Amino acid sequence: VFILQQSFGLAPLRAPLKWCGGCAARLVSSAGSDSFTTCSLASPQTSSSSKMGYIPRVAIIGGGVSGLVLGKELAARGLHSTVFDTGEHATGGRASSRDVTDAGKQYSFDHSTQYFTASPGSRFEAMAGAWASNGLTTQWPQGRLGTLAMAPETQEFVPFTDGASRYIGVGGLRPLCDFLAEGATEVIRPQWVGAMTPVGGEGSRRWELASGPGGKRLGTYDFVAIAHNGKCAARLAGTANNPDGSGAAEKVRRSLQCAFGIRPTAELAQQRKLILSSVWALMLVTQAPLGAAFEGAHISGSEVISWASNVTAKRRHRDNGGKGGSGRGGGGEECWVVHSTPQFARDNKCPQESVPAGVAKEVTAAMTAAFETALGLPSGSVKPVFTKVQLWGAANPLTAAGVPAVFDSKSRTGACGDWCKGPPSVQAAAESALALADAIEAVFMPITARDPRAAAALDAANTRWSPCSSGAATALGAFPGTEGVVPGMADVMAAVGAG
């Protein structure tokens, strides 16, 4: 760096060096400038803009599956992708793993996404296969996962026997998310993005990002892609205003309007926005094995819980059941994750950023009792040595926008996620990112783009909200390619004050 400064007259660095995700080339930022240099191996310089020495910069707000896939795809296609994520320990969003230390022991939980599938012949099928080939995922062996039907005094576990590939992360999902993050040009976390301001007029639109209105400046970008949902995403898009106060990214802003809480299907059909359900996750550690007949089960017939998984057993699977992996913990301890029903989460909602101790205690007690019943164990027999609950406030979309992704070439903005095309799944998140990557590439690299018509097609696409089909919308989202196998959410009565 000193030699570069002396030879080319660069000013002293005003920020730490950032490393290119493609080949670890240094990105050098000079004082008073938003420009950078990168080695030619980091991004294939095939577009007209890159031939002139400038690589378009794309900001991606959100580091879940959709944002990470988008960042990796854009970098691979020659664009500079910056992923902003609020995760303090890692990226991943709902595909993250939770590591905790208690009394000197370390435990690890897959506390949101449990597994995923791929529709035969889909774009995602090839991607999922590549992840497995790289040792990032493996298949959950047949017979270990299925459905558990609860009825008064009885519980019946039925394993899946349809032969579908159900993928789990090797060592959890964090290694997969780390792999995707390394493919982006850069990932900045933990970083909140709370304001986006347009710069320039039509034909030269760029965006200045900041931590909030009047907050820390985060750089200037040629395109902004919002890859998360909920009220925070809607607020961010709401800051995109022209000097006269008019909206500068209206198509994206309208698509991100949302409300919360499970509700009757008839009511969902009347909605013209994203409706999100919530789910409580209970993480617990037992001192000894519980002797469950399954490693993972979709639970029906309970008003409180919808899923239970033995993370310790699941983590042992590598290469379709080989050696290795664990949920950690010592001796005969077992790490379990139990998910609530959306109805239970709706009826026990609270601020997810700061769950009151009293609410956490009540939720833990109710979900533990329901877990005992599901396993056919006497009340009070499960005595965890560790428990923790987390509320996923925006766990699953209940409505879908009916478009592969949201895109507006005029404003240079877009959005992607599993809520776009639906139903909510890892596949839907990844394929939405691929669709948005195609459109962005077509704008900035029209000559060499994989699909030169992608931008025009998404430009013309407008949201058409509809309920996610009941057979595909489960408490944990959807599992493409296995329709009719996983029990869907039962319809519910309207709740007072829902929204």
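A.B. asks: Help me get a handle on the overall build of the protein, residues and values and all.
C.D. replies: If you tally the helices and strands in the protein, you get 13 helices and 25 strands. Counting every position in the protein, which comprises 499 residues, the buried fraction comes to 53%. Once local pairs closer than 6 in sequence are excluded, the contacts in the protein between residues at least 24 apart make up 68%. By element, 52% of the accessible surface of the protein is carried by carbon and sulfur atoms, the whole surface being about 21200 Å².

A.B. asks: Give me the sheet that holds strand E12 (residues 195-199): which residues, what numbers.
C.D. replies: Pairing in this open sheet of 3 strands is antiparallel, and the strands run E12-E13-E14 from one edge to the other. Two strands close off the open sheet at either side, each with one partner strand: E12 and strand E14 (217-221). Averaged over all neighbouring strand pairs, the angle between strand axes comes to 20 degrees, with direction disregarded.

A.B. asks: Would you mind going over the side chain of serine 81 in detail, with residue names and values included?
C.D. replies: Tracing the backbone through its elements, the reader meets serine 81 in strand E4 (residues 80-84). Here serine 81 falls in the buried class, since its relative accessible area comes to 0%. At 2.8 Å, the side chain of serine 81 and the backbone oxygen of glycine 71 are in polar contact.

A.B. asks: A description of the packing of helix H4 (residues 123-133) against helix H12 (residues 426-444) should follow, citing residues and the corresponding values.
C.D. replies: At a minimum axis distance of 9 Å, the contact between H4 and H12 shows a crossing angle of 110 degrees. In terms of their interaxial angle, H4 and H12 are classed as roughly perpendicular. Touching Arg123, Phe124 and Met127 of H4 are Val426, Gln427, Ala430, Glu431, Leu434, Ala435 and Asp438, all from H12. Its residues placed into classes, the contact of H4 with H12 shows 6 nonpolar, 1 polar and 3 charged.

A.B. asks: With reference to specific residues and values, describe the packing of helix H3 (residues 65-76) against H12.
C.D. replies: The contact between H3 and H12 brings their axes to 8 Å, and the two run at 35 degrees. Along this stretch, H3 crosses H12, giving a crossing that reads as right-handed. For the pair H3 and H12, the contacting residues are Val65, Ser66, Val69, Leu70, Glu73 and Leu74 in the first and Val426, Ala429, Ala430, Ser432, Ala433, Leu434, Leu436, Ala437 and Ile440 in the second. Here the contact of H3 with H12 is composed, by residue class, of 12 nonpolar, 2 polar and 1 charged.

A.B. asks: Tell me about the packing of aromatic side chains, residues and numbers included.
C.D. replies: In total, this model carries 16 aromatic pairs according to the counting rule given. A centroid spacing of 5.8 Å and a plane angle of 25 degrees characterise the contact between tyrosine 107 and phenylalanine 386, whose relative ring orientation is stacked. Here phenylalanine 386 lies in strand E21 (residues 386-397) and tyrosine 107 lies in strand E6 (residues 105-109), a separation of 279 residues in the sequence. Using a relative accessible area of 3% as the deciding quantity, one classes tyrosine 107 as buried. Note on phenylalanine 386: relative accessible area 11%, which makes it buried.

A.B. asks: A description of the pairing of E21 should follow, citing residues and the corresponding values.
C.D. replies: Of all 12 residues in E21, 9 are buried, a share of seventy percent or more. Of the strand pairs in this sheet, strand E17 (residues 274-286) and E21 are connected by 9 bridges, and their pairing is antiparallel. When the sheet's bridge partners are listed, valine 285 is paired in E21 with phenylalanine 386.

A.B. asks: Before we move on, can you summarise the sheet that holds strand E23 (residues 406-408) with the specific residues and values?
C.D. replies: One open sheet holds the 6 strands; their spatial order is E11-E4-E3-E15-E24-E23, and the pairing between them is mixed. Unpaired on one side and paired on the other, strand E11 (186-188) and E23 mark the two borders of the sheet. Between one strand and the next, the sheet's axes are offset by a mean angle of 15 degrees, whatever the strand orientation. Judged from the 5 bridges that link them, strand E3 (residues 57-61) and E4 form a sheet pairing that is parallel. Paired with alanine 59 across the bridge in E4 is threonine 82. Where H12 meets the sheet, it contacts E3, strand E15 (223-226), E23 and strand E24 (413-415), and its direction lies at approximately 15 degrees from that of E23.

A.B. asks: Provide a residue-level description of the confidence of the model for the protein, including the pertinent values.
C.D. replies: It should be kept in mind that the predicted coordinates are not to be read in detail where pLDDT is low. Summary statistics for the protein give a mean pLDDT of 84 and a share of 83% for residues scoring 70 or more. Below a pLDDT of 50 lies the segment residues 320-330, which in the model reaches 30 contacts outside its immediate sequence neighbourhood of four places, other chains included. This stretch, residues 494-499, has a pLDDT under 50; its non-local contacts, to residues over four places away or in other chains, come to 10 contacts.

A.B. asks: Tell me what's going on with the environment of arginine 253, and back it up with residues and numbers.
C.D. replies: Its place among the elements puts arginine 253 in helix H7 (residues 250-255). Exposure remark for arginine 253: the relative accessible area of 25% places this residue in the partly exposed category. As a C-alpha pair, arginine 253 and alanine 240 span 13 residues in sequence and 8.5 Å in three-dimensional space. Dropping the residues within four chain positions of it, arginine 253 is found in contact with Ala237 and Gly238. Among the polar contacts listed, one links the side chain of arginine 253 to the side chain of glutamate 250, at a separation of 2.8 Å.

A.B. asks: Lay out the pattern of salt bridges with the relevant residues and their values.
C.D. replies: Overall, the coordinates contain 18 salt bridges when judged by the stated rule. The salt bridge partner of arginine 174 is aspartate 99, with a shortest N-O separation of 3.4 Å. On the criterion of sequence distance, the pair formed by arginine 174 in helix H5 (residues 174-183) and aspartate 99 in strand E5 (residues 98-102) is long-range, its members being 75 residues apart. The exposure class of aspartate 99 is partly exposed, given its relative accessible area of 35%. One salt bridge connects glutamate 250 with arginine 253, and the closest N-O pair in it is separated by 2.8 Å. Taken together, the residues glutamate 250 and arginine 253, both in helix H7 and 3 residues apart, mark about one turn of the helix. Counted as one network, the salt bridges with shared partners bring together Glu73, Arg77, Arg123, Asp438, Glu441 and Arg450.

So, how was this worked out
- The residue numbering used here restarts from 1 in each chain and proceeds along that chain's sequence as written.
- Only residues with pLDDT of at least 70 are given local features in this predicted model, and only at 80 or more are side-chain atom pairs given and counted; all residues enter the totals for whole chains, interfaces and linings.
- Side-chain calculation: all heavy atoms of the structure are included, whereas hydrogens and water are not.
- Secondary structure elements follow DSSP: runs of H or I of four or more residues count as helices, runs of E of two or more count as strands, with numbering from the N terminus.
- The classification of residues rests on relative accessible area computed with a 1.4 Å probe and restricted to protein chains. Under 20% of the type maximum is buried, over 50% is exposed, and intermediate values are partly exposed.
- Here, two residues are considered to be in contact whenever any of their heavy atoms come within 4.5 Å of each other.
- Surface accessibility follows the Shrake-Rupley procedure with a 1.4 Å probe radius. Residue values consider only the protein chains on display as shielding.
- What makes two strands pair is DSSP finding at least two bridges between them.
- Lines fitted to the C-alpha atoms define the axes, with helices restricted to the stretch that makes contact. Angles between their N-to-C directions range from 0 to 180 degrees.
- Residues adjacent in sequence count toward polar contacts only when both atoms are side-chain atoms; beyond that, a polar contact is any pair of N or O atoms within 3.5 Å, and within protein one must be able to donate a hydrogen and the other to accept it.
- Should an angle lie under 35 degrees it is considered roughly parallel, over 145 roughly antiparallel, and from 65 to 115 roughly perpendicular; all remaining angles are considered oblique.
- When residue character is reported, Ala, Val, Leu, Ile, Met, Phe, Trp, Tyr, Cys and Pro are called nonpolar, Asp, Glu, Lys and Arg charged, and the others, Gly included, polar.
- Helix crossings are classified by the rotation of the near helix relative to the far one: an anticlockwise turn of less than a right angle makes the crossing left-handed, while a clockwise turn makes it right-handed.
- Under the pairing criterion, centres of Phe, Tyr and Trp rings, with the six-membered ring standing for Trp, must be within 6.5 Å; the plane angle then separates stacked pairs below 30 degrees from edge-to-face pairs above 60, leaving the rest tilted.
- pLDDT runs from 0 to 100 and stands for how confident the predictor is about each residue.
- Salt-bridge detection follows one rule: a side-chain nitrogen of Lys or Arg within 4 Å of a carboxyl oxygen of Asp or Glu.

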